[in-house]
Amino acid sequence: MPDSVTDFDPTLIAFVCNWCTYTAADLAGTARLAYPQNVRLIRVMCTGMVDPQFVLKAFLEGADGVLISGCHPGDCHYINGNYKARRRVKLLRELLTHFSIAPQRLRLTWIGASDGIQFAEVMQRLVNDLKALGPQGVASEHASWRPQNRRLQRDAIGSGSEVIGRKP
Amino acid sequence: MKTTAYFSVEDNDYLSAFDSLGRRLLELALVDALLAPCYQAECDWVMPTLICDPEAVCGLDPLSPIYPLNGARHAARLSRTPPGGRVAAFMRPCEVRAFVELVKLKQGDPASLFIISADCLGAVENRTARTAGGRRDRSYTATFIQEALTSGDSGELEMLAPACKVCEHPTAEMADLTIGLLGVDLDNRLLVEARSEKGGALLNALALPSTEAPKDRSKAIEKLIRARTAARDAMFAATRAATGDLSRLADYLATCVNCYNCRVACPVCYCRTCVFTTDVFDHPSAQYLGWARRRGAIRMPTDTLFYHLTRLAHVSTACVGCGQCSNACPNEIPLMELFRTVALCTQTGFDYEAGRHLDEPPPLSTFAAEEFADVVGLGD
C-alpha cells in the first residue's frame, strides 16, 4: 500500500489493437524489455471497436488513466478503425473536460507491430504522467454517491493513503 | 416562383385556418396524408395524428403548447421505408431538427415528406399542461399564443418548458414551408413561407395569394432569439456549476431510478436495442455483493452515472435540445440542461450543430485522414 502521494501507484487501462500495439507489447515481452506493471492491457481487434462507454466504465471503476493504442494512420488492418477511434477520443476528451477529469488521462497513440521498444517507453512515460497527475478516485461510480465515501476520498487524497474504490 | 404567400383567416380564427389548410392539401391531392398534432375525439389533448380523409380533418392544432412527444420519431417511422404516398408533416422547429439528425443517421427520408413548421413560441411540459385548469383545447392554445406574443419574448412566460425558455431556434430553417406568427397580424391571415424548392412548388400548387413578409417580422424573430440566447447562456453557466465534476453530477442525478424514460423520449437515441437493457447489465446476483464488499456500500440501482455518461457520449452530438428527456423524467431531473450544456462542448468540438443541415455528416459517422492531431500522442 502506498504511503505517500509520490508512491501513488496508478492504474492504467490500455485498449490495444490486436494487429499493432498488442503485437508490439508481445515483442516487448519476448525482448525482455521492462515496463511498469500498472498497465492492464485489454486486447481488442481494432481501436475502432472501442466504444466510448468502455472508457467511461474504466474511469468510473476508478482507473487513473486510459490508453487507446493501435496502428499508425494508413496501417489499420480494417482500413479506417483508427480514424474512428481518433474522433471518439476527441469526443471523450470534451466530455471528460466538462466533468473535471483531466483530458491527459485519456491518451491515444499509434504503436506499430515492430515498435516493442517504443511500447515500453510509452508505458513508462504514461505511468510517470499519471503519477504526476495523482489519483483520479473521485470519479468512481460508487464513490461519487456516498458522502462518507467522498469524505474518505478527500482524506485519502490529502494524506496520500489508499483511495476508496480501488482494489488494494 | 413565389416564396411568401398568405392563407386567409375567417372570423379572426387563425387556429381553425389550419383545418382549412390541411383539408385543402388533401382535397387538391397535393399530399396523400397529413401528420399533425390533433385533438382526439372527446379529448382535450393533442397527439400526432395521421390523416388521409379530408373529411377527417378536424381539430388540427400545430400551435398547441402541448408537446407530448417529439414527432421526429413518427416522421422517421413514416419515411424509413417508402410510405407509398406523400405526407405533409406539421412539426415544431425542434422536431424538424431532430428529424434532420435522424435522416443523417439513416432512420428516415425527407423525400416523401413536406415538412411544415410554424414559428414556435414554446411549449409546456406535460405535467404543466395536465394540471392546468379548464379545457386544454384551442382556447388554451389561443390564450397561450396571445400571452407569448404580447410578453415580448417568450422567456418571460413562466409556464414555458425549461427547454423552450432557452431555445434559440424559434423558426425551422430546414422545413419546406414555414408558417409565420412572429411580427404577423394573425387576425386575417397566416403567413406561409417556402424555404425549399419542394416547398415553393407546394405553395404554387396551393394557389395562395402572394405577399411580402411584414417588415417587423425579422425584427421580432431577432428579438426573441436574443432573449432566448441570453437565457440559454445563463442556463449553461448554472448547469456547468452544478455538474462540473462527477460528485456534483451524482448529486444532480441523485433521484434517478434508472427507468430510462429519458432515453425512450429522446428523438435521436435511435438504437433498436440499447446496451443498458441487454444481458451486459443483467449482472449475476453475486456481483452486487462483491461490489458492496469491495466498496463498503453501493447505491442500488447501480450504473446510474454510467448510463447517463454513456448517453452523453453516444447522442450529445445529435442533441437538438427539445427537452423531451426532462419532460419524461418522473423525478423531474433537469436532464435537458445537462444534455445541452455537454452538447455545447461536444458539438463545438467538431464544429457541428445538430439539426442545422442535411449536408453536414454527424461527427462520429465520418473522419478524415488528417485531423485532430492534438488528441494523438503524449503531448498536452
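So, here is what we can say about the structure in this document. Only a predicted model underlies this, so the values are computations on that prediction, with no experimental measurement involved.

## Focus on the interface of chain A and chain B
So, point 1. Each partner contributes to the interface: chain A provides 46 residues, whereas chain B provides 54 residues.
So, point 2. Together chain A and chain B conceal approximately 4,500 Å² of surface at their shared face, both sides included; 64% is due to carbon and sulfur atoms.
So, point 3. Inspection of the chain A/chain B interface yields four salt bridges.
So, point 4. For K57 of chain A, the salt bridge goes to D303 of chain B, with nearest N and O atoms at 3.6 Å.
So, point 5. There are 14 residue pairs in polar contact (both at pLDDT 80 or more) connecting chain A and chain B.
So, point 6. Those elements giving two or more residues to the side of chain A that touches chain B turn out to be α2 (52-60), α3 (81-98), β4 (106-110), α4 (116-133), α5 (141-145) and α6 (147-159) of chain A.
So, point 7. It is α3 of chain A that contributes the most residues to the side of chain A that touches chain B, 12 residues altogether.
So, point 8. Its residues assigned to classes, the side of chain A that touches chain B shows 17 nonpolar, 11 polar and 18 charged.

## As for the sheet that holds strand β1 (residues 4-8) of chain B
Residues and elements named next belong to chain B.
So, point 1. The seven strands lie next to each other as β1-β7-β6-β5-β4-β2-β3, forming an open sheet whose pairing is mixed. In the strand order of this sheet, the two ends are held by β1 and β3 (46-51), each with one partner. Across the sheet, the mean angle separating the axes of adjacent strands is 25° when strand polarity is ignored.
So, point 2. Judged from the five bridges that link them, β1 and strand β7 (residues 189-194) form a sheet pairing that is antiparallel.

## Description of a nonpolar patch on the surface
Residue and element names in this part refer to chain A.
So, point 1. A grouping of W19, M45, M49, F54 and Y78 is seen on the molecular surface, where their side chains present a nonpolar patch of about 440 Å² in accessible area.
So, point 2. With respect to the element layout, M45 can be found in the loop between β2 (39-44) and α2.
So, point 3. Residue classification places M45 among the partly exposed residues on the basis of a relative accessible area of 40%.

Cut-offs used in this document
- Residues numbered from 1 in each chain as written.
- Chains lettered and ligands numbered in written order.
- Predicted model: local features only at pLDDT ≥ 70, side-chain atom pairs only at ≥ 80, totals over all residues.
- Heavy atoms only, no water.
- Contact = heavy atoms within 4.5 Å.
- Buried area = accessible area lost by both parts, 1.4 Å probe.
- Salt bridge = Lys/Arg side-chain N within 4 Å of Asp/Glu carboxyl O.
- Polar contact = N/O pair within 3.5 Å; in protein donor to acceptor, adjacent residues only side chain to side chain.
- Helix = DSSP H or I, 4+ residues; strand = E, 2+ residues; numbered from the N terminus.
- Nonpolar A, V, L, I, M, F, W, Y, C, P; charged D, E, K, R; others polar.
- Pairing = 2+ DSSP bridges.
- Axes fitted to C-alpha atoms, helices over the stretch in contact; angles between N-to-C directions.
- Patch = residues over 30% accessible without salt bridge, like charges linked within 9 Å, V, L, I, M, F, W, Y side chains within 5 Å.
- Areas by Shrake-Rupley, 256 points an atom, 1.4 Å probe, with all protein chains shown as cover.
- Buried < 20%, exposed > 50% of the residue type's maximum accessible area, 1.4 Å probe, protein only.

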